[in-house]
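Each chain, written out:
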Amino acid sequence: GACEAAAGAHPARKREVEDSSKRLAGLLWKLNRADVSASVCGKLLQLCAALDAGDIAGASQAQVALTTSDWDEGSGWLTALKRLLKMRASLG
């Protein structure tokens, strides 16, 4: 994707993208098992809708809401989500 392409020339960023990919794979596994709370699902839907609309600020607000209220459930993947949103925002 765009993030991987942008990170390609920067070894540290490439490692971040690879780590984030592994962490987000854990989230996808939980989603596929329906092992995610309704609160987290709702905020993830908001985040995805914002990204679909090109609203990086809205996506970041949803990520902050997840971090604030659902850290216990999402600590394994929320850092990765924040990293990828930050990288996406830097791409314009």
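Just above, that's the structure.
Throughout what follows, the structure given in this document is the object of discussion. As the structure is a prediction and not an experimental result, all values here were calculated from the model.

So, unusual backbone geometry
Argument step 1. Phi at Ala-34 takes a positive value of approximately 55 degrees, unusual for a residue other than glycine.
Argument step 2. Checked against the element boundaries, Ala-34 lands in the loop between helix H2 (11-32) and helix H3 (38-52).

Here's the deal with the layout of surface pockets
Argument step 1. Approximately 340 Å³ is the volume attributed to the largest pocket.
Argument step 2. In terms of lining, the largest pocket is formed by 15 residues, of which the most central are Leu-24, Leu-47, Cys-48, Leu-51 and Leu-81.
Argument step 3. Looking at the lining of the largest pocket, the elements with two or more residues in it are H2, H3 and helix H6 (78-90).
Argument step 4. Ranked by the residues each element gives to the lining of the largest pocket, the list is headed by H3, at 6 residues.
Argument step 5. Among the residues making up the lining of the largest pocket, the classes are represented as 14 nonpolar, no polar and 1 charged.

Parameters and conventions
- Residues numbered from 1 in each chain as written.
- Predicted model: local features only at pLDDT ≥ 70, side-chain atom pairs only at ≥ 80, totals over all residues.
- Heavy atoms only, no water.
- Helix = DSSP H or I, 4+ residues; strand = E, 2+ residues; numbered from the N terminus.
- 1 Å grid on protein atoms, 1.4 Å probe; cavity = no way out; pocket = protein on both sides within 12 Å on 5 of 7 lines; lining within 4 Å.
- Points joined across faces, edges and corners; volume = space filled by probe spheres on them.
- Nonpolar A, V, L, I, M, F, W, Y, C, P; charged D, E, K, R; others polar.

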